[in-house]
Each structure stands twice: as C-alpha cells, then as structure tokens.
Amino acid sequence: AQSVTQLDSHVSVSEGTPVLLRCNYSSSYSPSLFWYVQHPNKGLQLLLKYTSAATLVKGINGFEAEFKKSETSFHLTKPSAHMSDAAEYFCVVSGGSNYKLTFGKGTLLTVNP
Amino acid sequence: DTEVTQTPKHLVMGMTNKKSLKCEQHMGHRAMYWYKQKAKKPPELMFVYSYEKLSINESVPSRFSPECPNSSLLNLHLHALQPEDSALYLCASSQEGAGGTTDTQYFGPGTRLTVL
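Residues numbered from 1 in each chain as written. Chains lettered and ligands numbered in written order. Predicted model: local features only at pLDDT ≥ 70, side-chain atom pairs only at ≥ 80, totals over all residues. Heavy atoms only, no water.

K.L.:
Describe the pairing of strand β9 (residues 73–78) of chain A, naming the residues involved and giving the relevant values.
P.N.:
All names here are of chain A. Pairing geometry for strand β3 (residues 19–21) and β9, over three bridges, is antiparallel. Each residue of the ladder has a partner; that of L21, found in β9, is L76. Inspection of the sheet shows strand β8 (residues 64–68) paired to β9 by five bridges, in the antiparallel sense. If you follow K68 over to β9, its bridge partner there is S73. In this antiparallel pair of consecutive strands, β8 and β9, the connection spans four residues, and T72 shows a positive phi of 45°. (Pairing = 2+ DSSP bridges. Helix = DSSP H or I, 4+ residues; strand = E, 2+ residues; numbered from the N terminus.)

K.L.:
Hey, could you go over the state of the cysteines for me, with residue numbers and the actual values?
P.N.:
The final tally for this structure, using the stated rule, is two disulfides over all chains. C23 of chain A shares a disulfide with C91 of chain A; S-S distance 2.0 Å. Where C23 of chain A bonds to C91 of chain A through sulfur, the torsion about that S-S bond is close to -70°, and the disulfide is left-handed. Separated by 68 residues along the polypeptide, C23 of chain A in strand β4 (residues 23–27) and C91 of chain A in strand β10 (residues 87–94) bring together distant segments of the chain. Neither residue differs from the other here; C23 of chain A and C91 of chain A are each classed as buried. Note on cysteine connectivity: C23 of chain B is disulfide-linked to C91 of chain B, with sulfurs 1.9 Å apart. A torsion of -70° about the S-S bond marks the disulfide between C23 of chain B and C91 of chain B as left-handed. Separated by 68 residues along the polypeptide, C23 of chain B in strand β3 (residues 18–25) and C91 of chain B in strand β9 (residues 87–94) bring together distant segments of the chain. A relative accessible area of 0% means that C23 of chain B is categorised as buried. (Disulfide = S-S within 2.5 Å. Buried < 20%, exposed > 50% of the residue type's maximum accessible area, 1.4 Å probe, protein only.)

What follows is the structure, given as structure tokens:
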C-alpha cells in the first residue's frame, strides 16, 4: 500500500522569495515520485520525477526536489517565485500497483506581487 | 515531444444526449488512461488501456464507455450522464504497456464537461 501526504493545502509567497511545498510518502516498494503542476482549467504538467537515481532532482522552470528516504519526504523547492508559478501542485507516487498513481490532495501556491 | 491532445476543450450536454471525448498521442506510448477530476480534487483513475486492451476499469458506471481504436487514439463515449458527472476529464499516456511502474504519465489539457 502507498500514500502521499501534502502537508500544506495552501502556500502563499511573495514574488522573488523561495518556495517550499512539502510532501511525505509511504510505500511498501521502492517508489517513483513525481511532482505535477496544474494551472487553472489546464491539464497536469510534469515538473520532475525521482526514479532511484540522484536524490536531488532538477525539473523544469527552476524547480527541484530532494528525495530523503530516512524522512520519507520529497519536498519541492524553488529559489525565487514568479507570478506564473501560481497553480495547484500535486505530489504523486507510483510503484507496486500497475499503472496506478497515488496523488496527494494538492497544494495551492499563491504568489503575491 | 510529450504532447497529448484532447477534443473538445469544452462540452455541454443534456442527460439524454450521447457524446464522445477524444484523446490522441503520437509518442508511441502503449498505455493510455482516462481520469476524472472534480474541482479542487486530485484526478481519479477511471480506465487504463494497455496495448489497446482494457486493463483496468475502476468500477466506473456503464454510462461511460471507453474505446481504443488504435495505439494512438482513445475515446470516451458518454450516454445518459448525470449532473454529478460534470468534471474535467483528463487523458494520459505512458510508454510501457506491460505494467512498468516507473513510467511517467503525460497528461492532456482535459475536456471540461458540463451535464445539464
């Protein structure tokens, strides 16, 4: 069995300040972990993925995430927020069950000017 | 290119109508998916096709009928829907069709469905 907990339902930052979106996971298998972003009324766009290679994963648009097995965490960070980063972010785990992804409940990121 | 396309972008239908949603990918992916997403919720898996065969049906009501005419196309036929079926319907695809659990799913932009 696997689960994902996104620790914040809403994060608000000012433009130009760092972003931290927190995600903890539970999995009986060696998981693959993903972060997806969804802008309003759009589909999900892959930001980055971890598949047991480097623990620090770099994604698109300046985002990165660090896989910490001891803490079962996969937090998403960005050094400097941009207005266009305002969106819903989903932490996702796969593994063990064919095709099925387990989604977190999402974190809404608001970026203030 | 990691593009999945979906048509139409928006669809409004009555409860007695029959309509279809279409999804297309040209990445050579062998697994394709339908998800339903309600507002402020994560996507929920509905169906999975692997090598053009239905692999997973998540106990979806029969008023939703999927079809995979070929490896690039996925349809979702809709009939006698209810207002609570109004949602964003997302299509996705992934490379391996044999249960590769690390495969990345690439999502389309979705069809916004409203049932009156």
